Amino acid sequence: MQTSVHGIHHVTAIAGDPRENLDFYVGVLGMRLVKKSVNQDAPDTYHLFYADGAGTPGSDLTFFPWPDMGPGRLGIGLTVEVPFAVPPGSLEYWKKRFANQGVKCDEIEIRFGETTLPFRDPHGLQLALVETADPRQFTPWEKSPVPQEHQLRGMHAVRLWERHLAPTATLLTERMGFTLIGTENGWNRYGADGGGSGNIVEVKELPGEQRGRWGTGCVHHVAWRVKDSEEEMALRGVIERAGLQPTPQIDRFWFKSVYFKEPGGVLFELATDGPGFDRDEDMEHLGERLILPPWLEPHRKEIEAALPRLEMPRGSE
Ligand code: ZN
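Below: a short report on this structure. (Residues numbered from 1 in each chain as written. Predicted model: local features only at pLDDT ≥ 70, side-chain atom pairs only at ≥ 80, totals over all residues. Heavy atoms only, no water.)

**Examining unusual backbone geometry**
Applied cut-off: The secondary structure listing takes helices from DSSP runs of H or I that are at least 4 residues long and strands from runs of E that are at least 2 residues long, numbered from the N terminus.
With an omega dihedral of 0 degrees, the bond running from Gly274 to Pro275 counts as a cis peptide bond. Take Pro275: it is sitting in strand β16 (residues 267–275). Phi is positive for Phe112, close to 50 degrees, though the residue is something other than glycine. Within the secondary structure, Phe112 sits in the loop between β6 (109–111) and β7 (114–120).

Have a look at this one:
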């Protein structure tokens, strides 16, 4: 059976102060906080999920705020940038908004024919906005400080640095269903499900570059969409037979996950499209209260007491 992922499911990164993180992603980028939870392996740390109005798979950037960790180091074996899709013509709006909000951005560049505005979040995470007319599954968020026509449509791509291209390219094309779309300025663009916004990974080979190190401002892992548990387990088998070491399937409550390191060291995850973020909260009230997985619920009082208080940015509550 031919296995394939269906684009980006979510990206998880490491942030500094959770309040600064919330202010930026909700207050400046206008994303919706769709889930406020804790790191299931370290419940004294938040796990914050930002997405479109409905938490559509592929729109969700999540953070572990670990202010004490110190900044990470960009390098090989890491996801080095997360570009988001915006509608054609939106970058004028975003350039003005960033100038008003004091967000530093780079010059607009053209990548694979797409107009792109690179910038960083307050903790150094490399992001970009890419104008694209590709169709996206998208639900606007009516309480966003950003008008609907300019809201982020979800992740457009992810960019990886690798010491060697070939082993990663082989995994992507022969096991995960990607095809090579093109090469430009050392970047190799691959697309799953025919490519298109949200289905793209770009890999650059940098043999002389030092290894990256996790820290604030770094991507922790990239999760790839699989339809359901059955498809996930089939792909898990393919990954294992390729000589990699996937974890057992882990129930993340809102989706089911399998983790593995691709040959260059970037942490990948497979994540099922369902059940979804409205499994434990109704769509109207996503992200408003601290959500704990059932096995942590008995410790809610201690967990809440150990977490810093978060206030929604003005105009978005
Ligand atoms: Zn994940």
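On we go from here.
**Regarding the pairing of strand β13 (residues 218–226)**
Our working rule: Relative accessibility thresholds used throughout: buried, under 20% of the residue-type maximum; exposed, over 50%; partly exposed, between the two (1.4 Å probe, protein chains only). The pairing criterion for strands is at least two bridges between them, as found by DSSP.
Of all nine residues in β13, nine are buried, a share of seventy percent or more. Sheet topology places strand β1 (residues 8–15) next to β13; six bridges connect them, and they run antiparallel. Paired with Thr12 across the strands is His221, a residue of β13. Where β13 lies against β16, five bridges are found, and the strand directions are parallel. Counted as the bridge partner of Val226 is Thr272 from β16.

**Description of the coordination of the zinc ion**
Rules: Sites may look incomplete because water is not among the atoms; the donors themselves are N, O and S atoms within 2.8 Å of the metal, or within 3.2 Å for Na, K and Ca.
Around the zinc ion, the donor atoms from the protein are His10 (NE2), His221 (NE2) and Glu269 (OE), and they sit 1.9 to 2.1 Å away. When the donor residues of the zinc ion are listed from N- to C-terminus, their spacing reads H-x210-H-x47-E. Taken as a pair, His10 in strand β1 and Glu269 in strand β16 lie far apart in primary sequence, 259 residues in all.

**What about the side chain of Gln151?**
Counted only if it meets this: Definition of a polar contact: a pair of N or O atoms within 3.5 Å, with one able to donate and the other able to accept a hydrogen when the atoms are protein atoms, and with sequence-neighbouring residues admitted only if both atoms are side-chain atoms. In what follows, a contact means two residues having at least one pair of non-hydrogen atoms within 4.5 Å.
Following the sequence through the fold, Gln151 ends up in the loop between β8 (126–131) and β9 (157–162). With a relative accessible area of 4%, Gln151 lands in the buried category. Among the polar contacts listed, one links the side chain of Gln151 to the backbone oxygen of Val146, at a separation of 3.0 Å. Those residues in contact with Gln151 that sit more than four places away from it in its chain are Pro87, Phe138, Pro140, Trp141, Ser144 and Val146.

**Things to note about the sheet that holds strand β15 (residues 255–261)**
What links the strands of a sheet is backbone hydrogen bonding, and the strands pair in either a parallel or an antiparallel sense. Our working definition: The axes are straight lines fitted to the C-alpha atoms, using for helices just the contacting stretch, and the angles between their N-to-C directions are given from 0 to 180°.
Here eight strands make up an open sheet; going across it, the order is β2-β3-β4-β1-β13-β16-β15-β14 and the pairing mixed. Either end of the sheet is taken by a strand with one partner, and the two such strands are β2 (32–39) and β14 (250–251). Bridge count for β15 against β16 is six bridges, and the pairing is antiparallel. Residue Lys261 lies in a different strand from β16, and its bridge partner there is Leu267. In the packing of helix α1 (residues 18–28) onto the sheet, contacts are made with β1, β2, β3 (42–51) and β4 (60–65), and the angle to β3 comes to roughly 10 degrees.

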